[in-house]
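Each chain, letter by letter, is given below.
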Amino acid sequence: MEQKNGSSFTGFVLLGFSDRPQLELVLFVVLLIFYLFTLLGNTTIIALSHLDPHLQTPMYFFLSNLSFLDLCYTTSTVPQLLVHLRRADKSISFGGCIVQLFVTLGLGGTECIFLGVMAFDRYAAICRPLHYTVVMHPRLCALMASASWVIGFANSSLQTVLTFLVPLCGRNKIDHFFCDVPPLLKLACVDTTVNESEIFFVGVIILLVPVALITVSYGRIVRAVLRIKSSAGQRKAFGICGSHITVVSLFYGSAIYAYLQPSNNYSQDQGKFVSLFYTIVTPMVNPVIYTLRNKDVTGAMKKVLCRGHDSR
């Protein structure tokens, strides 16, 4: 008798890149290198933010939180992918798939909101410089960070439940390298239009509300910067925001492509490579972007390295 419910599965099979066996070894080497750099870069940002007193400000509080988010997000998918790229067995348990979907959606949603919070921090720093320390009080920073996590995982809970309520009728081969909403819905043996609409609506809120906050914040920042008479002052102000804008563009561009397009236009192959981009490439380049464009971070790194050298 055919299974009628996903809960009766012993597990799923993540097809990943098994249709391209010649690509698997190359991907394994490249992704392993990227993952190690991701661990190194984000851990460095977190360590510097705690070790250097000059970096214990709201901006670097949020930056270290973003680095922690990126570490968790990458680790929720990449180690498993690396194992699957070198093994014939590409299975994941039913419970493991639920947990992975819940965690990746939660971390992704949290990062969406967090980038909006960081835009507000930049707005306060540039448009309200005299009141910055009052506006961005440590309690408010902690509250906004906590709210980002709570909202991100509340959204994840809803989307995970909606996704796994869909009957799969014995289908268990997921055409992806991790458990994600679009490929899971493709396993359904019923019409998923209502489910897709509900998930799309929730996704729009999680993605576009922070985008609106970012747009409003940077609209006011641009007006404030253009009123600065000194060209050096303008360059410094835009430099402060440049790293954040770059990170926002990379993250939201790939996320909107992956989650906010009609299912009939969704290419599974393109989806896999876009997912690789926002699960491994973006978390890896974020520390590089902030480090290369930020004299405070590079200065703190030199201090720590010199301190370590002098102690020998």
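The shown structure was predicted, so the numbers you read here are calculated from the model rather than taken from an experiment.

About the thresholds
Residues numbered from 1 in each chain as written. Predicted model: local features only at pLDDT ≥ 70, side-chain atom pairs only at ≥ 80, totals over all residues. Heavy atoms only, no water. Helix = DSSP H or I, 4+ residues; strand = E, 2+ residues; numbered from the N terminus. Buried < 20%, exposed > 50% of the residue type's maximum accessible area, 1.4 Å probe, protein only. Areas by Shrake-Rupley, 256 points an atom, 1.4 Å probe, with all protein chains shown as cover. Lys, Arg positive; Asp, Glu negative; His and termini not counted. Charge placed at Lys NZ, Arg CZ, Asp CG, Glu CD. Disulfide = S-S within 2.5 Å. UniProt positions renumbered as here; feature names shortened; annotations may be inferred. Core = buried A, V, L, I, M, F, W, Y, C linked by side-chain atoms within 4.5 Å. Contact = heavy atoms within 4.5 Å. Axes fitted to C-alpha atoms, helices over the stretch in contact; angles between N-to-C directions. Parallel < 35°, antiparallel > 145°, perpendicular 65-115°, else oblique. Left-handed = near helix turned anticlockwise from the far one by under 90°. Nonpolar A, V, L, I, M, F, W, Y, C, P; charged D, E, K, R; others polar. pLDDT = per-residue confidence, 0-100.

S.K.: Please clarify how the overall build of the chain should be interpreted in this entry.
M.R.: Looking only at helices and strands, one finds 11 helices and three strands in the chain. Taken from the N to the C terminus, the helices and strands of the chain come in the order β-α-α-α-β-α-α-α-β-α-α-α-α-α. Principal axes of the C-alpha set define a box for the chain whose edges measure 75 × 50 × 30 Å. Per-residue burial over the chain gives 48% buried out of 312 residues. Carbon and sulfur atoms make up 68% of the accessible area of the chain, which totals about 15,300 Å². Here the chain holds 24 positive side-chain charges and 16 negative ones, and the gap between their average locations is 13 Å.

S.K.: In this structure, what is going on with the state of the cysteines? I would like to understand it.
M.R.: Under the definition given, this model contains one disulfide. A sulfur-sulfur distance of 2.0 Å marks the disulfide that ties Cys97 to Cys179. Measuring the twist about the S-S bond at about -125 degrees, one finds the Cys97-Cys179 disulfide to be left-handed. With a gap of 82 residues between them, Cys97 in helix H4 (residues 94-127) and Cys179 in the loop between strand E3 (173-174) and helix H7 (181-185) connect regions that are remote in the sequence. Grouping residues by exposure puts Cys97 and Cys179 together as buried.

S.K.: How should I be thinking about the UniProt feature "transmembrane region" (unreviewed entry) in the chain in this particular structure?
M.R.: Using the residue numbers shown here, the UniProt feature "transmembrane region" (unreviewed entry) corresponds to residues 25-48, 60-78, 98-120, 140-158, 199-216, 237-260 and 272-292. For the annotated span residues 60-78, helix accounts for 89% and strand for 0% of the residues, and the straight-line distance between the end C-alpha atoms is 26 Å. Taken end to end, residues 199-216 is 100% helix and 0% strand, and its two terminal C-alpha atoms sit 26 Å from one another.

S.K.: How should I be thinking about the nonpolar core in this particular structure?
M.R.: One broad rule of soluble globular proteins: the nonpolar side chains tend to lie buried together. Leu31, Phe62, Leu115, Ile221 and Tyr252 are the most contacted members of the largest nonpolar core, which totals 62 residues. For this core, the leading source of residues is H4, giving 12 residues. If we ignore the near neighbours within four places in the chain, the residues touching Tyr252 are Cys112, Ile113, Leu115, Leu207, Pro210, Val211 and Ile214. Judged by nonpolar contacts, the second largest core, of 19 residues, contains Phe12, Phe94, Val166 and Leu185.

S.K.: Please explain the packing of helix H1 (residues 21-51) against helix H3 (residues 78-85) as it appears in this structure.
M.R.: Relative placement of two packed helices is described by the angle separating their axes and the distance separating the axes. Closest axis-to-axis distance for the H1/H3 pair is 9 Å, and the angle between their directions is 150 degrees. Taken together, the axes of H1 and H3 are roughly antiparallel relative to one another. Here the hand of the crossing between H1 and H3 comes out left-handed. On H3, the residues touching Glu24, Leu27, Phe28, Leu31, Leu32 and Tyr35 of H1 are Val78, Pro79, Leu81, Leu82 and Leu85. Counted by class, the contact of H1 with H3 contains 10 nonpolar, no polar and one charged residues.

S.K.: For this particular structure, what's the right way to read the confidence of the model for the chain?
M.R.: Interpreting fine coordinate detail is not advised for predicted regions of low pLDDT. Taken residue by residue, the chain gives an average pLDDT of 85. The fraction at 70 or more is 92%. Note on residues 1-8: pLDDT is under 50 here. Beyond four places in sequence and across chains, it has 11 contacts.

S.K.: Please clarify how the environment of Tyr73 should be interpreted in this entry.
M.R.: Following the sequence through the fold, Tyr73 ends up in helix H2 (residues 58-75). Overall, the relative accessible area of 5% leaves Tyr73 in the buried class. The sequence separation of Tyr73 and Asn155 amounts to 82 residues, and the corresponding C-alpha distance is 16 Å. Beyond its immediate chain neighbours, meaning those up to four positions away, Tyr73 contacts Thr104, Leu107, Gly108, Tyr278 and Thr279.

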